[in-house]
Amino acid sequence: MGCKICKYKQEDKRNENIRSSLPEKKTKLSTSKLDILEYKNEILSLINKYRKEHNSHPLRENPEISKIEQIHSENISNKGKIYLSNNTYNGEKLGDNIFGSSKLYKSKDLVKKWYNTESEYIWK
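Scoring rules and cut-offs
- Residues numbered from 1 in each chain as written.
- Predicted model: local features only at pLDDT ≥ 70, side-chain atom pairs only at ≥ 80, totals over all residues.
- Heavy atoms only, no water.
- Helix = DSSP H or I, 4+ residues; strand = E, 2+ residues; numbered from the N terminus.
- Buried < 20%, exposed > 50% of the residue type's maximum accessible area, 1.4 Å probe, protein only.
- Areas by Shrake-Rupley, 256 points an atom, 1.4 Å probe, with all protein chains shown as cover.
- pLDDT = per-residue confidence, 0-100.
- Contact = heavy atoms within 4.5 Å.
- Salt bridge = Lys/Arg side-chain N within 4 Å of Asp/Glu carboxyl O.
- Phe/Tyr/Trp six-rings, centres within 6.5 Å; stacked < 30°, edge-to-face > 60°.
- Core = buried A, V, L, I, M, F, W, Y, C linked by side-chain atoms within 4.5 Å.
- Expected span 1.5 Å × (residues − 1).
- Arc of directions from axis to C-beta.
- Polar contact = N/O pair within 3.5 Å; in protein donor to acceptor, adjacent residues only side chain to side chain.

## Quick notes on the overall build of the chain
Part 1: Assigned secondary structure in the chain consists of 3 helices and 4 strands.
Part 2: The order of α-helices and β-strands along the chain, N terminus first, is β-β-α-α-β-β-α.
Part 3: When each of the 124 residues of the chain is scored for burial, the buried share is 37%.
Part 4: Carbon and sulfur atoms provide 50% of the accessible area of the chain, an area that totals close to 8,500 Å².

Here it is, written out as structure tokens:
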């Protein structure tokens, strides 16, 4: 599963947005590569905490898949429209889990909102 970070056009054109859902409160984060990496790692760690509650194996980032999905995220940003990809990796279709917004939120709030859709998810 790749993690998608989409760059949406906004006033400063630098806010990073993560797939997931959002609370009402904004969070200010800088957009340096270190901060983005830390943000992605926090999200992965929080998702894995929920996965553990469901006796599911932890996810780990696959840099090759992340690269593929990053391109899709940038395409979404450029088109200004969210759509599913047909991306594959080693012959298998990659799943999409996308959320978009013009605002950036705390990782814990994003993951909490993602988890609220857990009734639609098959834990494995």
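Further notes follow.
## Describing the confidence of the model for the chain
Part 1: Summary statistics for the chain give a mean pLDDT of 75 and a share of 69% for residues scoring 70 or more.
Part 2: The weakest mean pLDDT in the chain belongs to strand 2 (residues 16–18) at 36; the strongest belongs to strand 3 (residues 88–89) at 95.
Part 3: Note that pLDDT drops below 50 for residues 1–27; the model gives that stretch 91 contacts with residues more than four away or on any other chain.

## Quick word on the pattern of salt bridges
Part 1: Applying the stated criterion to the full structure yields 1 salt bridge.
Part 2: Of the charged contacts, one joins Glu61 and Lys40 as a salt bridge, the two residues approaching to 3.2 Å between their closest N and O atoms. Of this pair, Glu61 sits in the loop between helix 1 (33–53) and helix 2 (63–79) while Lys40 is found in helix 1, placing the two residues 21 residues apart along the sequence.
Part 3: The class for Glu61 is partly exposed, based on a relative accessible area of 36%.
Part 4: In this structure Lys40 comes out as buried when scored by relative accessible area, which is 17%.

## What to know about unusual backbone geometry
Part 1: The backbone of Asn55 sits at a positive phi, close to 55°, despite the residue not being glycine.
Part 2: Residue placement: Asn55 occurs in the loop between helix 1 and helix 2.
Part 3: By relative accessible area, which is 75% here, Asn55 ends up exposed.
Part 4: With a phi close to 50°, Asn90 is a non-glycine residue in the positive phi region.
Part 5: What makes Asn90 exposed here is its relative accessible area of 68%.

## Digging into the packing of aromatic side chains
Part 1: Inspection of every chain in the model, using the stated rule, returns 3 aromatic pairs.
Part 2: When the centroid spacing of 6.4 Å and the interplanar angle of 50° are considered together, the rings of Trp114 and Tyr115 count as tilted. We note that Trp114, like Tyr115, is buried.

## Section: the nonpolar core
Part 1: Counting 11 residues, the largest nonpolar core consists of Tyr39, Ile43, Ile47, Tyr50, Leu59, Leu104, Tyr105, Leu110, Val111, Trp114 and Tyr115.
Part 2: Contributions of two or more residues to this core are made by helix 1 and helix 3 (107–115).

## Some thoughts on helix 2
Part 1: Between the first and last C-alpha of helix 2 there are 24 Å, a value that for 17 residues agrees with the 24 Å anticipated at 1.5 Å per step.
Part 2: Those residues of helix 2 lying buried are Ile65, Ser66, Glu69, His72, Ser73, Ile76 and Ser77. Relative to the axis of helix 2, the buried residues are bounded by an arc of 145° and lie together on one face. Turned more than 90 degrees off the buried face of helix 2, the exposed positions are Pro63, Lys67, Asn78 and Lys79.
Part 3: For helix 2, the side-chain oxygen to backbone nitrogen distance between the N-cap and Glu64 is 2.8 Å, and the N-cap itself is Asn62.
Part 4: Phi turns positive one or two residues past the end of helix 2, at Gly80, with a value near 70°.

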